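Here are the chains, one letter per residue:
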Amino acid sequence: MSESADIALIVIDVQKAFDAWEAAGRRRNNPEALRSIAALLSAFRAEGRPIFHVRHQGTEEDSFFLPGTTGYEVKDEARERDDEPVIVKRVNSSFIGTDLEARLRSGGIGTLIICGATTNHCVETTARMAGNLGFETYLVRDATWAYDRVGPDGDLHLAEDVHAMTLANLEGEFARIVRSVTVVDDLLKR
């Protein structure tokens, strides 16, 4: 194993199901997130650093994420290469019911750079668990996105606010919140 294996990129649920959500009228923030994810993938590949792709597999028959459907497919900007492992999960956390933690530990990986979809669901859950499991965890704010949500009180919460609140909740306790340029210019160079 090379010395560069200590840091890994985790790309979560960048699947075409979200295209269907948006076509149905769901509004998201951060339209440049896919560009940032592609830049992270390119930088990690150029440095020979490990990349783990996480794909959500729906379990309900009306899920947009069912295998064999267009929604299950990965968006072109985040498509994995043959030598990059794909972790399939069925819940919000990339660690529950998968071998992700075992793969990371056996690879000597102690630092995780997390990006993907969506900020307040699978990205947040994975970042919280990564922090709790003792990984040095970074969440890339410009490489994830959220959708507008209606709260239990019936109030509309804009995607920008959902995204910002999730980042605020994670910062310091579970993860460090960074931008993709920080990852490329600083974290990958250490």
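Anything mentioned here points back to the structure above.
Keep in mind the model is a prediction, meaning the values are calculated, not measured.

The rules behind each value
- Residues numbered from 1 in each chain as written.
- Predicted model: local features only at pLDDT ≥ 70, side-chain atom pairs only at ≥ 80, totals over all residues.
- Heavy atoms only, no water.
- Helix = DSSP H or I, 4+ residues; strand = E, 2+ residues; numbered from the N terminus.
- Rg over C-alpha atoms; globule rule 2.2 N^0.38 Å.
- Buried < 20%, exposed > 50% of the residue type's maximum accessible area, 1.4 Å probe, protein only.
- Contact = heavy atoms within 4.5 Å.
- Areas by Shrake-Rupley, 256 points an atom, 1.4 Å probe, with all protein chains shown as cover.
- Patch = residues over 30% accessible without salt bridge, like charges linked within 9 Å, V, L, I, M, F, W, Y side chains within 5 Å.
- Salt bridge = Lys/Arg side-chain N within 4 Å of Asp/Glu carboxyl O.
- Core = buried A, V, L, I, M, F, W, Y, C linked by side-chain atoms within 4.5 Å.
- Axes fitted to C-alpha atoms, helices over the stretch in contact; angles between N-to-C directions.
- Parallel < 35°, antiparallel > 145°, perpendicular 65-115°, else oblique.
- Phe/Tyr/Trp six-rings, centres within 6.5 Å; stacked < 30°, edge-to-face > 60°.
- Polar contact = N/O pair within 3.5 Å; in protein donor to acceptor, adjacent residues only side chain to side chain.

> Explain the overall build of the protein to me, please; I cannot follow it from the model alone.
In terms of regular secondary structure, the protein is built from six helices and eight strands. Scanning the protein from its N terminus toward the C terminus, one meets helices and strands in the order β-α-α-β-β-α-β-α-β-β-β-α-β-α. Rg of the C-alpha trace for the protein: 16 Å, near the compact-globule value of 16 Å for 190 residues, within the 12% margin. Its C-alpha atoms put the protein at 50 × 35 × 30 Å along the principal axes. Looking at the protein as a whole, 49% of its 190 residues qualify as buried. When contacts within the protein are restricted to residue pairs at least 6 apart in sequence, those whose partners lie at least 24 apart make up 78%. Accessible surface, the protein: about 9,100 Å² in total, of which carbon and sulfur atoms supply 48%.

> When you look at a nonpolar patch on the surface in this model, what are you seeing that I'm missing?
A cluster of nonpolar side chains, Val150, Leu156 and Leu158, forms an exposed patch at the surface whose accessible area comes to about 280 Å². Tracing the backbone through its elements, the reader meets Leu158 in the loop between β7 (156–157) and α5 (159–170).

> Can you walk me through unusual backbone geometry in this structure?
Glycine aside, negative phi is the norm for most residues, and most peptide bonds take the trans geometry. Cis peptide bonds are those with omega within 30 degrees of zero, and the linkage from Ala117 to Thr118 qualifies with -15°. Positionally, Thr118 belongs in the loop between β4 (111–117) and α4 (119–132). Even without being a glycine, Asp13 presents a positive backbone phi close to 55°. By the element assignment, Asp13 lies in the loop between β1 (7–12) and α1 (17–23).

> Can you walk me through the nonpolar core in this structure?
Among soluble globular proteins, nonpolar side chains are generally buried collectively. With 30 residues, the main nonpolar core has Leu9, Val11, Ile37, Phe44, Ile113, Trp145 and Val183 as its most contacted residues. For this core, the secondary-structure elements that each account for two or more residues are β1, α1, α2 (33–47), β4 and β5 (136–145). Residue contacts for Val183: discarding those within four places in its chain leaves Leu40, Phe44, Ile113, Val140, Val178 and Leu188.

> Help me understand the packing of α4 against α5, please; the structure alone is not making it clear to me.
Helix packing geometry: the angle between the two helix axes and the distance between the axes. Contact pair α4 / α5: the axes reach a minimum separation of 10 Å and the direction vectors enclose 10°. Regarding the angle of α4 to α5, the classification is roughly parallel. Residues Thr119, Asn120, Glu124, Ala127 and Arg128 of α4 lie in contact with α5, whose contacting residues are Val162, His163, Thr166, Leu167, Asn169 and Leu170.

> Please clarify how the packing of aromatic side chains should be interpreted in this entry.
To describe a pair of aromatic rings, you give the distance between the ring centres and the angle between the ring planes. If you walk through the whole model with that rule in mind, you get seven aromatic pairs. Between Phe18 and Trp21 the ring centres are 4.9 Å apart and the planes differ by 75°, which places this aromatic pair in the edge-to-face class. Note that Phe18 and Trp21 are positioned in helix α1 at a spacing of three residues, about one turn of the helix. Using a relative accessible area of 16% as the deciding quantity, one classes Trp21 as buried. Ring geometry for Phe18 against Tyr147: centres 5.9 Å apart, planes inclined by 20°, an arrangement best described as stacked. Residue Phe18 is found in helix α1, and its partner Tyr147 is found in the loop between β5 and β6 (149–150); the two are separated by 129 residues along the sequence.

> I tried to follow the environment of Ala130 on my own but got confused; where do I start?
Looking at where Ala130 falls in the secondary structure, it is placed in helix α4. The residues touching Ala130, leaving out its near neighbours within four places in the chain, are Phe95, Leu112, Ile114, Phe135 and Thr137.

> It is not clear to me how the side chain of Thr118 should be interpreted in this structure. Could you clarify?
The buried category is assigned to Thr118, whose relative accessible area is 5%. Among the polar contacts listed, one links the side chain of Thr118 to the side chain of His121, at a separation of 3.1 Å. Non-local contacts of Thr118, meaning those with residues more than four positions away in its chain, are made with Phe18, Val123, Glu124, Thr144, Trp145 and Tyr147.

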